[in-house]
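Fold and contact review
If you want the building blocks of each chain, they are given just below.
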Amino acid sequence: MKLILTAALFALTLPLMSAEPQAPGAQAPRPAARPANTDTLVVKFRAKPGKREEMKAFWLEMQKEVARSEPGAVQYDLLVMASDPEVYVIIERNKDAAAVAAHGQSERARAMFAKLGELMEGAPQADYMRLVSPSK
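Residues numbered from 1 in each chain as written. Predicted model: local features only at pLDDT ≥ 70, side-chain atom pairs only at ≥ 80, totals over all residues. Heavy atoms only, no water.

1. Some thoughts on the pairing of strand E1 (residues 40-47)
- Counting buried positions over the eight residues of E1 gives six, a clear majority of the element.
- Alignment of E1 against strand E3 (residues 84-94), held across seven bridges, turns out to be antiparallel. Within the sheet, the bridge partner assigned to Phe45 lies in E3 and is Tyr88.
- With seven bridges joining them, E1 and strand E4 (residues 120-129) adopt antiparallel strand pairing. Residue pairing across strands places Lys44 opposite Gln125, the latter belonging to E4. (Buried < 20%, exposed > 50% of the residue type's maximum accessible area, 1.4 Å probe, protein only. Helix = DSSP H or I, 4+ residues; strand = E, 2+ residues; numbered from the N terminus. Pairing = 2+ DSSP bridges.)

If you want it as structure tokens, here you go:
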């Protein structure tokens, strides 16, 4: 469970770290290191059986925390896969590298991430992107 929490924190909160070797006996891979030119993330989280509604509540609360404590967050949307309602997707876009680095660093967000391992099955899947042109 500690590795799952580490992977979630890495995917969402830790800026620009280089990949570290896996610990002996590690069960789930860590997401790839976030590229330096990243301002957008799309991350998928699978809820543990019976935890779908708790995970939804978790992400709705995190969405409020991001809006409250992260002025560099431009977008933080919560979606659910239509074909698999156990999978939640976060689309997060930040205005710059400093905003990416600040994501999830508030005391409240860190406390919330400590609970994520109880709700999540497996490691998150993260895709890192760079915005080319906004719609507005």
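2. Things to note about the nonpolar core
- Membership of the largest hydrophobic core comes to 20 residues, with the highest contact counts inside it found for Phe45, Met55, Phe58, Trp59, Met62 and Leu116.
- Residue assignment for this core shows that the elements contributing at least two residues are E1, helix H2 (52-69), E3, helix H4 (107-119) and E4. (Core = buried A, V, L, I, M, F, W, Y, C linked by side-chain atoms within 4.5 Å.)

3. Considerations on the packing of aromatic side chains
- Applying the stated criterion across every chain, the model contains two aromatic pairs.
- Centroid distance Phe45 to Trp59: 4.7 Å. Interplanar angle 40 degrees. Geometry classified as tilted. Pair noted here: Phe45 is in strand E1 and Trp59 is in helix H2, with a separation of 14 residues, a long-range link. In this pair, the class of Phe45 matches that of Trp59, namely buried.
- The structure contains a cluster of three or more aromatic residues connected by ring pairs, namely Phe45, Phe58 and Trp59. (Phe/Tyr/Trp six-rings, centres within 6.5 Å; stacked < 30°, edge-to-face > 60°.)

4. Considering the confidence of the model for the protein
- Confidence along the protein averages 77 in pLDDT terms, with 76% of residues attaining 70 or more.
- This stretch, residues 1-30, has a pLDDT under 50; its non-local contacts, to residues over four places away or in other chains, come to 65 contacts. (pLDDT = per-residue confidence, 0-100. Contact = heavy atoms within 4.5 Å.)

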